[in-house]
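# Structure at a glance
Spelled out from the first residue to the last, the chains are:
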Amino acid sequence: MLSTTWVQRPIETDCEFDRFPSRPGTYRCTVTYDGIELPFQVRIGVITRDGRRSLTYKVIPEKTVLTKKAVLGEFWRGGTTMGYTEMRCDDDIPAREVVELGPTPYSCYYKTKGSKDARYYHLARVHVTENGLEIH
């Protein structure tokens, strides 16, 4: 959640189990971020190594909160390490919006040093993944 918002707010979680399940399965949960309820799943699996059984888990969000602050911050963080110049993003990115995972309608733009034609911007689309924002 925090990787797509870049804004810390109180977070509460409610799952269909009271304590961590001891058997594999997919369980439904809801996280409440700043008053917004968002569904997600917890997938629990089993790994056996050397006769020892361990439980694994993966958290899979279905929706998340996207903020303009996060898009700008993530684009700046990644773009500066890549040597982008004249970085900017769409003006209409909302301050806060609930989005599904996948591509968003938003884009960012940049130029590169030493580009053959410095008149044009490159396009980088904003995507939301299980792991946070990807802008490429």
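Here goes a summary of the coordinates provided. (Residues numbered from 1 in each chain as written. Predicted model: local features only at pLDDT ≥ 70, side-chain atom pairs only at ≥ 80, totals over all residues. Heavy atoms only, no water.)

A separate point is the pairing of strand E3 (residues 36–49). The pairing of strand E2 (residues 25–33) with E3 spans 9 bridges and is antiparallel. Residue pairing for E3: Thr 32 is matched across the bridge by Glu 37. Linking two consecutive strands that pair antiparallel, namely E2 and E3, is a turn of 2 residues; a positive phi of about 50 degrees is found at Asp 34 within it. As paired strands, E3 and strand E4 (residues 52–61) are joined by 10 bridges and run antiparallel to one another. Considered in E4, the bridge of Gln 41 is made with Ile 60. Where E3 folds back on E4, the antiparallel hairpin that results is connected by 2 residues, among which Asp 50 adopts a positive phi of roughly 50 degrees. (Pairing = 2+ DSSP bridges. Helix = DSSP H or I, 4+ residues; strand = E, 2+ residues; numbered from the N terminus.)

Moving on, we come to the environment of Tyr 57. Mapped onto the secondary structure, Tyr 57 falls in strand E4. Its relative accessible area of 56% is what places Tyr 57 among the exposed residues. In this structure, the C-alpha to C-alpha distance between Tyr 57 and Val 99, residues 42 residues apart in sequence, is 24 Å. (Buried < 20%, exposed > 50% of the residue type's maximum accessible area, 1.4 Å probe, protein only.)

In this section: the environment of Tyr 84. Here Tyr 84 shows up in strand E6 (residues 84–89). Separated by 16 residues in sequence, Tyr 84 and Glu 100 have C-alpha atoms that sit 28 Å apart. For Tyr 84, the contacting residues outside a window of four places in its chain are Phe 75, Gly 79, Tyr 110, Lys 111 and Thr 112. (Contact = heavy atoms within 4.5 Å.)

The next thing to look at is the nonpolar core. Ranked by internal contacts, the top residues of the largest apolar core, which has 15 residues, are Leu 66, Val 71, Phe 75, Cys 108, Val 126, Leu 133 and Ile 135. Only helix H2 (68–82), strand E8 (102–112), strand E9 (122–129) and strand E10 (132–135) provide two or more residues apiece to this core. In this view, Ile 135 contacts Val 71, Glu 74, Phe 75, Cys 108, Ala 124, Arg 125 and Val 126; residues no more than four positions away in its chain are not counted. Judged by nonpolar contacts, the second largest core, of 12 residues, contains Tyr 27, Cys 29, Tyr 33 and Leu 38. (Core = buried A, V, L, I, M, F, W, Y, C linked by side-chain atoms within 4.5 Å.)

Judged by side-chain polarity, Phe 20, Val 46, Leu 55, Tyr 57 and Val 59 come together as a nonpolar surface patch covering roughly 450 Å² of accessible area. Considering every element that reaches the nonpolar patch, the biggest residue donor is E4, with 3 residues. Tracing the backbone shows Val 46 in strand E3. For Val 46, a relative accessible area of 34% corresponds to the partly exposed category. (Patch = residues over 30% accessible without salt bridge, like charges linked within 9 Å, V, L, I, M, F, W, Y side chains within 5 Å. Areas by Shrake-Rupley, 256 points an atom, 1.4 Å probe, with all protein chains shown as cover. Salt bridge = Lys/Arg side-chain N within 4 Å of Asp/Glu carboxyl O.)

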